[in-house]
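# Report on the structure
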Amino acid sequence: MSDPSAEIQNLLDIERLEVDLFRGIGSGGETEIRIFGGHVIAQALMAAYLTVPDRTCHSLHAYFIRPGDPKIPVIYEVDRARDGGSFTTRRVIAIQHGKQILNLSASFHEPEEGWEYQHKMPDVPAPDGLPSMAELRAKDAEKLDPKQAKFFARPRPIEVREVNPQNMLEPAPMDDENCMWFRMPAAEGHDAKLQHCYLAYASDMNLLGSSLRPHGLSWLKGGVVPASLDHAMWFHAPIHFDQWHLYAMDAPFTGGGRGFNRGKIFDQNGKLVASVAQEGLVRRYKPAEARK
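These remarks concern the structure in this document. (Residues numbered from 1 in each chain as written. Predicted model: local features only at pLDDT ≥ 70, side-chain atom pairs only at ≥ 80, totals over all residues. Heavy atoms only, no water.)

### Thoughts on the side chain of Ser59
With respect to the helices, strands and loops of the structure, Ser59 is situated in strand β3 (residues 56-64). In this structure, Ser59 is in contact with Ser105, Ala106, Ser107, Met233 and Trp234, ignoring residues within four places of it in sequence. (Helix = DSSP H or I, 4+ residues; strand = E, 2+ residues; numbered from the N terminus. Contact = heavy atoms within 4.5 Å.)

### Brief notes about the environment of Pro155
By the element assignment, Pro155 lies in the loop between α4 (146-152) and β7 (159-162). With 133 residues separating them in the primary sequence, Pro155 and Phe22 have C-alpha atoms 29 Å apart.

### Here's the deal with the sheet that holds strand β6 (residues 99-109)
The 12 strands lie next to each other as β1-β2-β4-β5-β6-β3-β9-β12-β11-β10-β8-β7, forming an open sheet whose pairing is antiparallel. Two strands in the sheet have a free side with no partner beyond their single neighbour: β1 (15-18) and β7. Taken pair by pair, the neighbouring strands of this sheet meet at an average axis angle of 25 degrees, ignoring direction. Those strands touched by helix α5 (residues 192-202) are β3, β8 (178-183), β9 (224-235), β10 (245-255), β11 (258-267) and β12 (272-284), and its axis lies near 150 degrees from that of β9. (Pairing = 2+ DSSP bridges. Axes fitted to C-alpha atoms, helices over the stretch in contact; angles between N-to-C directions.)

### Side note on helix α2 (residues 37-49)
An ideal rise of 1.5 Å per residue puts 18 Å on 13 residues; α2 measures up with 18 Å between its terminal C-alpha atoms. Among the 13 residues that make up α2, 13 are buried, leaving the element largely enclosed by the rest of the structure. (Expected span 1.5 Å × (residues − 1). Buried < 20%, exposed > 50% of the residue type's maximum accessible area, 1.4 Å probe, protein only.)

### Here we look at the pattern of salt bridges
Inspection of the entire model under this criterion finds 11 salt bridges. Note that Asp69 is salt-bridged to Lys71, the shortest N-O span being 3.1 Å. On the accessibility criterion, Lys71 (71% relative accessible area) is exposed. Residue Glu159 pairs with Arg183 through a salt bridge whose shortest N-O separation is 3.0 Å. One end of the pair, Glu159, is in strand β7; the other, Arg183, is in strand β8, and 24 residues separate them in sequence. The class for Glu159 is partly exposed, based on a relative accessible area of 23%. Where salt bridges share partners, they join Glu159, Arg161 and Arg183 into one cluster. (Salt bridge = Lys/Arg side-chain N within 4 Å of Asp/Glu carboxyl O.)

### Concerning the nonpolar core
Ranked by internal contacts, the top residues of the largest apolar core, which has 57 residues, are Leu45, Leu102, Ile158, Phe182 and Phe241. Looking at this core, the element that brings in the most residues is α2, giving nine residues. Ignoring sequence-local partners within four residues, the contact set of Ile158 consists of Ile8, Phe182, Arg183, Met184, Tyr201, Ala202, Met205 and Phe241. Ranked by size, the runner-up nonpolar core spans eight residues in total, among them Cys179, Trp244, Ala248 and Leu272. (Core = buried A, V, L, I, M, F, W, Y, C linked by side-chain atoms within 4.5 Å.)

### Side note on the packing of α2 against α5
Running from amino to carboxyl end, α2 crosses α5 at an angle of 160 degrees, the nearest separation of the two axes being 8 Å. Looking at the two axes, α2 sits roughly antiparallel to α5. Considering the relative orientation of α2 and α5, their crossing is right-handed. Residues Gly38, His39, Ile41, Ala42, Leu45, Met46 and Tyr49 of α2 form the contact with α5, whose participating residues are Lys193, Leu194, His196, Cys197, Ala200 and Tyr201. (Parallel < 35°, antiparallel > 145°, perpendicular 65-115°, else oblique. Left-handed = near helix turned anticlockwise from the far one by under 90°.)

Here it is as structure tokens:
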């Protein structure tokens, strides 16, 4: 597509097959070999939203069960677990090739007044003075083979500016704290459910990389098999993802072939609008002959 932001909008235009059965496209997004985790989370959340007309999501919890196949659509089966007085709960199963690839539970809440408190946004440089991920990747792409370079440096729907970017080709051990600014200009004017789905998609970007940084690892350099295992997200305030947001991430623990990652998402005024947690696979790569 000429407009990369149309990728995500197209992903979220899921088809209703039955009352609680939906179909979304598997192609597009951040990866070619398998479906990007944020892709299937965003579609599952949209499927849940299509059965909840009057409340907004405040939390979701997802398990990645099998890699998604980008060559075929994904079927989403929604279970209307509960419609309560102020909370609504939905369970969504994503299916390909007759097998589950993701389970997601989401809770929706009526607006309610209460005490307010939040952590402060980290003091980091503003996005305007930072190089974009697109600029950094264009430089790295010159050192890759043409096919890999084309995919690596292609236009993306989410604009990203990292505060302390990792050298993806020659990574060195560095602090696990990992901050980036991100936004999707095409999200301007869209409703709350779409804003949540856009942010859910983007929340899977760079998060697992936090647990790779202390070890001098990157998915591009190789030597590691990274994959998201689960993903949880909490929405605290209205989202306007056309504007810059700071994603402040860290990874308090790596061990047993897994890495635990956390994230706080602030708007540019310093309001905490969402929190994220994820455990990912961080496994040493072994050639096929060594695995026999």
